[in-house]
Structure formats: C-alpha cells, structure tokens
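Summary of the model geometry
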Amino acid sequence: MAVAACAALVLSTELAETRPGTEMTALGAYPVAASVNLRDLPSGTRVDVDCEYEGGRGGDYVLVVVRRDGTSEVLARWFAMPDNNAVLKVTTPVRRSDIRSLELRTPNGPAMLTLPVTR
C-alpha cells in the first residue's frame, strides 16, 4: 500500500544528468552512497535520488520517508546491481514540512543512510 502512494517511480542503472544533490549520511560501513534532491510540489514533494552501489553482490533496498510524527512509509524498492547507479524519481503526497528524514534501508534492516530534512 505504501508504494501505491508514489505518483511516479523511474529506476535506471545509468547515471542521469541531474543537479548535484545533498549527500545522505552513512550510519556504518556500507557499500552504498546516495544523494537526494527535494522539490516542493502542489501535490506534495518530489524526491530524486542518485544511489551508487559498490558491493560485490546485488541487494534489495528501500527508500523510506520518516514523518515528524514518527510514522514512516516506503517510497520505493529496488534491486541494486554491483558497481551500478540507481536513479529514482518519486513523488509523494507527504509535504516537505512533514518530513523528518529520508532513510535508505534493506527491506528488513535498520537504516544504512539517512538525510535529515529541514522545514
């Protein structure tokens, strides 16, 4: 159901030309790095993510929005291939002012990367 809240999701394994984003903070020694661009929309927030994965094996990841009230919602799911980039473009009805942070997680694990969002 949470994924249904996404108005759009584009996933690519090629590096897309986008403006530089804000780097997410690593919460440990993980083979993944990501940068994020947020844009306010009348319908919510556009979230663009460029995720670089350098692990030896592929793996499943989820992008999660954590609201200021502590609730969370999965915005996107994908499988990362070794030595590739994933470019995600997601629109969520959650307004930026209601977002406490964005997190990159494995499906059943803790956050690996985080990005606090200022109002």
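Residues numbered from 1 in each chain as written. Predicted model: local features only at pLDDT ≥ 70, side-chain atom pairs only at ≥ 80, totals over all residues. Heavy atoms only, no water.

1. Regarding the overall build of the chain
The condition is simple: Secondary structure elements follow DSSP: runs of H or I of four or more residues count as helices, runs of E of two or more count as strands, with numbering from the N terminus. In this scheme, a residue with accessible area under 20% of its type's maximum is buried, one over 50% is exposed, and one in between is partly exposed, where area comes from a 1.4 Å probe on protein chains only. Contacts were defined at the residue level, with two residues in contact if any of their heavy atoms lie within 4.5 Å. Areas reported here follow the Shrake-Rupley algorithm with a probe of radius 1.4 Å; residue values treat only the protein chains shown as occluding.
The helix and strand tally for the chain stands at zero helices and ten strands. For the chain, the residues scored as buried account for 41% of the 119 residues in total. If you take every contact in the chain between residues at least 6 apart in sequence, the share linking residues at least 24 apart comes to 61%. Total accessible area on the chain stands at roughly 6,600 Å², and carbon and sulfur atoms take up 51% of it.

2. Quick notes on the pairing of strand β9 (residues 99-105)
In summary, the side chains of a regular strand alternate between the two faces of the sheet. Selection rule: In this scheme, strands are said to pair when DSSP sees at least two bridges between them.
With five of seven residues buried, β9 lies mostly within the body of the structure. Where strand β6 (residues 59-67) lies against β9, six bridges are found, and the strand directions are antiparallel. Its bridge partner lying in β9, Val 66 is registered against Ser 101. When β9 meets strand β10 (residues 111-116), the two strands line up antiparallel, connected through five bridges. Paired with Glu 103 across the two strands is Thr 114, which belongs to β10.

3. Focus: the pattern of salt bridges
Oppositely charged side chains may form a pair once their charged atoms are brought near each other. Heads up, the condition is: By salt bridge we mean one thing: a side-chain nitrogen of Lys or Arg within 4 Å of a carboxyl oxygen of Asp or Glu.
Throughout the structure, instances matching the rule amount to four salt bridges. Note that Arg 96 is salt-bridged to Asp 40, the shortest N-O span being 3.1 Å. Here Arg 96 is found in the loop between β8 (84-92) and β9, whereas its partner Asp 40 is found in strand β4 (residues 32-41), with 56 residues between them in sequence.

4. Remarks on the packing of aromatic side chains
Operational definition: Aromatic pairs are defined between Phe, Tyr and Trp rings, using the six-membered ring for Trp, whenever the two ring centres lie within 6.5 Å; interplanar angles under 30 degrees are classed as stacked, those over 60 as edge-to-face, and all others as tilted.
Considering all chains together, one arrives at two aromatic pairs under this definition. Seen in terms of ring centroids, Tyr 53 and Tyr 61 are 5.7 Å apart; in terms of plane orientation they differ by 65°. Their pairing is edge-to-face. Tyr 61 carries the same exposure label as Tyr 53, and that label is buried. With a centroid separation of 6.1 Å and an interplanar angle of 25°, the aromatic rings of Tyr 61 and Trp 78 are classed as stacked. Pair noted here: Tyr 61 is in strand β6 and Trp 78 is in strand β7 (residues 72-80), with a separation of 17 residues, a long-range link. Relative accessible area serves as the criterion here: at 5%, Tyr 61 is assigned to the buried category. Aromatic rings pair up to connect Tyr 53, Tyr 61 and Trp 78 into one cluster.

5. As for the sheet that holds strand β3 (residues 25-26)
Strand order in this open sheet of five strands is β3-β10-β9-β6-β7, and the pairing throughout is antiparallel. Either end of the sheet is taken by a strand with one partner, and the two such strands are β3 and β7.

6. Side note on the side chain of Ser 35
Relative to the helices and strands, Ser 35 resides in strand β4. Accessibility expressed as a relative area gives 13% for Ser 35, which makes it buried.

7. Section: the nonpolar core
Here is the rule: Only buried Ala, Val, Leu, Ile, Met, Phe, Trp, Tyr and Cys residues count toward a nonpolar core, and they belong to the same one when joined by side-chain atoms within 4.5 Å.
In terms of nonpolar packing, the biggest core is built from 27 residues, with Trp 78 and Leu 102 touching the most fellow members. Going through the elements one at a time, β4, β5 (44-53), β6, β7, β8, β9 and β10 are the ones with two or more residues in this core. Once residues lying within four places of it in the same chain are set aside, the contact partners of Leu 102 are Met 24, Val 36, Leu 38, Val 47, Val 64, Val 65, Leu 75, Leu 113, Thr 114, Leu 115 and Val 117.

8. So, the environment of Met 112
Tracing the backbone through its elements, the reader meets Met 112 in strand β10. In the structure, Met 112 is positioned 51 residues away from Tyr 61 in sequence and 9.8 Å away in space, judged by C-alpha atoms.

Remember, this is a structural readout, not a statement about activity or role.
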